[in-house]
Amino acid sequence: MKSRWQLNWRLLSMVMALALVLTGCGRENLSALVPKGPVAEQQLFLMVLTSAIMIGVFLIVMIIFAYVLIRYRQRPGQTGIPKQVEGNHKLEILWTVIPFLLLIVMAVPTVAIAFDLAKEYNNKEAVQVNVTAHQFWWEFEYPDLGVRTAQELVIPAGKKVQFHVTSADVIHAFWIPALGGKIDTNPGLTNKIWLEAKEPGTYYGKCAELCGASHALMDFKVQALEASAFDDWAKKMKAATEAPAATATGTAAQGREIFQKSCIGCHAIGSEGGKLGPNLTNFGERKLVAGIKPNDAQHLAEWLKNPQEVKPGNTMPNLNLQDDQVSALVEYLHSLKVTQ
Ligand code: CUA
């Protein structure tokens, strides 16, 4: 018996140690608890306020509970049922009024902040971005700037950005924890949300609604640039969208041929090509392949050879490419640079 208890304790302490270690897991700039913009800050304030009240209520109730258990326990020699008490107006009023007051303390700032945030939902001054969620990637269109991109959202720091979010297939949710959110993307409907990054930097976004086999891999990157750098980016992207670079040399030229034959039906470069897959105009300067792997030759080749293995359930078919075709495509896709 003793050894089994010892084993259980060892297991329990291992699990607890592991839990402690795992609490340190997490990616930089992917936490609602470390806000990087005004929306996330206000939302964190509400989370802290309501959590503090809940923890306070829990502790007080538990302390009273423990006190009563110990103080009024059955003592040696005590027999029979204790004196029965029923009804106490004062106490009943007290424990009705206290939760009522606590709910008011939570409701007033919650409603005020919700309405305050909603005021900005039709801000014409804000940078407008149309977001379309797909299984399992993100499309970003800047209607006023003539720019269309995917997977890597670029925004100006210190400015409000108004998102109009929808979905091309199932329900997803658009969430950039460090900046605020989240909001559902529903097929056939457009929801609105605005966010702002205070400082230039890299943030990460995730899909926050179970949407299929690769829901957990439906990540995107957010790059907040200084306002002038953003304007520069937008200008170059617009130019590249209107007139995508048509020149490629050496191996990249072979890659371009394969792309024109096998990929362009689904993927556009600039305004040329299909819209079923991510737009690849500036693919060569993106940091990630498929939103999750480093955008280097090895990971891009793995993706091209077997997309289903990297992101199960996605809609990209396996083109059964030969190794030399893959290398040519890698060369070509990495040559697609707009701002460098
Ligand atoms: Cu898209 Cu989960």
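Source: prediction; values computed, not measured. (Residues numbered from 1 in each chain as written. Predicted model: local features only at pLDDT ≥ 70, side-chain atom pairs only at ≥ 80, totals over all residues. Heavy atoms only, no water.)

(A) Broad picture of the side chain of T281. Looking at the secondary structure, you find T281 in the loop between α5 (250–263) and β11 (288–289). Exposure remark for T281: the relative accessible area of 4% places this residue in the buried category. Engagement of the side chain of T281 in a polar contact is seen with the backbone nitrogen of G270, the distance being 2.7 Å. For T281, the side chain forms a polar contact with the side chain of N279, separated by 2.4 Å. (Helix = DSSP H or I, 4+ residues; strand = E, 2+ residues; numbered from the N terminus. Buried < 20%, exposed > 50% of the residue type's maximum accessible area, 1.4 Å probe, protein only. Polar contact = N/O pair within 3.5 Å; in protein donor to acceptor, adjacent residues only side chain to side chain.)

(B) Here's a closer look at the packing of aromatic side chains. Tallying each qualifying case throughout the model produces nine aromatic pairs. Look at F140 and F220: their rings are 5.7 Å apart centre to centre, the planes differ by 55 degrees, and that puts the pair in the tilted class. Taken as a pair, F140 in strand β2 (residues 137–142) and F220 in strand β10 (residues 219–225) lie far apart in primary sequence, 80 residues in all. Just as F140 is buried, F220 falls in that class too. Arranged with centres 5.0 Å apart and planes meeting at 50 degrees, the rings of F163 and F174 form a pair that is tilted. With F163 in strand β5 (residues 161–167) and F174 in strand β6 (residues 172–176), this pair connects stretches of sequence that are 11 residues apart. Residue classification places F163 among the buried residues on the basis of a relative accessible area of 1%. An aromatic cluster is defined as three or more aromatic residues linked by ring pairs; in this entry it consists of W138, F140, F163, F174 and F220. If you follow R71 out to its NZ or CZ, it ends over the ring of Y72, 4.9 Å from the centre. When the ring centre of W194 is taken as origin, the NZ or CZ atom of K160, which lies over that ring, is 5.2 Å away. (Phe/Tyr/Trp six-rings, centres within 6.5 Å; stacked < 30°, edge-to-face > 60°. Lys NZ or Arg CZ within 6 Å of the ring centre and 35° of its normal.)

(C) Structural view of the sheet that holds β5. A sheet is described by the order of its strands in space; here five strands give the open sequence β3-β2-β1-β5-β8, paired in mixed fashion. Bordering the open sheet on either side are β3 (147–150) and β8 (191–195), each of which pairs with just one other strand. Each strand of the sheet is rotated relative to its neighbour by a mean of 25 degrees, with strand direction disregarded. Strand direction decides the pairing type here: strand β1 (residues 127–134) and β2, joined by five bridges, are antiparallel. (Pairing = 2+ DSSP bridges. Axes fitted to C-alpha atoms, helices over the stretch in contact; angles between N-to-C directions.)

(D) Representation of the domain arrangement of the chain within the structure. When the domains of the chain are assigned, the result is domain 1 (29–68 + 89–227) and domain 2 (243–334). Here the C-alpha centroids of domain 1 and domain 2 sit 33 Å apart. Contacts between the two partners involve 15 residues from domain 1, matched on the other side by 19 residues from domain 2. Taken together, the two surfaces of domain 1 and domain 2 that pack against each other cover about 1400 Å², and 55% of this comes from carbon and sulfur. (Domains from an automatic or database assignment. Contact = heavy atoms within 4.5 Å. Buried area = accessible area lost by both parts, 1.4 Å probe.)

(E) Molecular detail of the pairing of strand β4 (residues 152–156). Burial analysis of β4 places five of its five residues in the buried class, the great majority of the element. Here β4 shows a buried face lined by E152, V154 and P156 and a second buried face lined by L153 and I155. The sheet contact formed by β4 and β10 spans five bridges and is parallel. Across the sheet, the residue bridging to V154 is Q223, located in β10.

(F) Region of interest: the environment of F283. Positionally, F283 belongs in the loop between α5 and β11. Given the relative accessible area of 6%, F283 is considered buried. Residues F283 and E257 lie 26 residues apart in sequence; the distance between their C-alpha atoms is 17 Å. Those residues within four positions of F283 in sequence are excluded, and the remaining contacts are V289, N295, L300, L333, H334 and L336.

(G) Representation of the environment of N123. If you trace the backbone, N123 turns up in the loop between α3 (89–119) and β1. Overall, N123 belongs to the buried group, its relative accessible area being 15%. In the structure, N123 is positioned 36 residues away from K159 in sequence and 11 Å away in space, judged by C-alpha atoms. With residues up to four places along the chain from it excluded, the contact list for N123 reads Q128, K160 and Q162.

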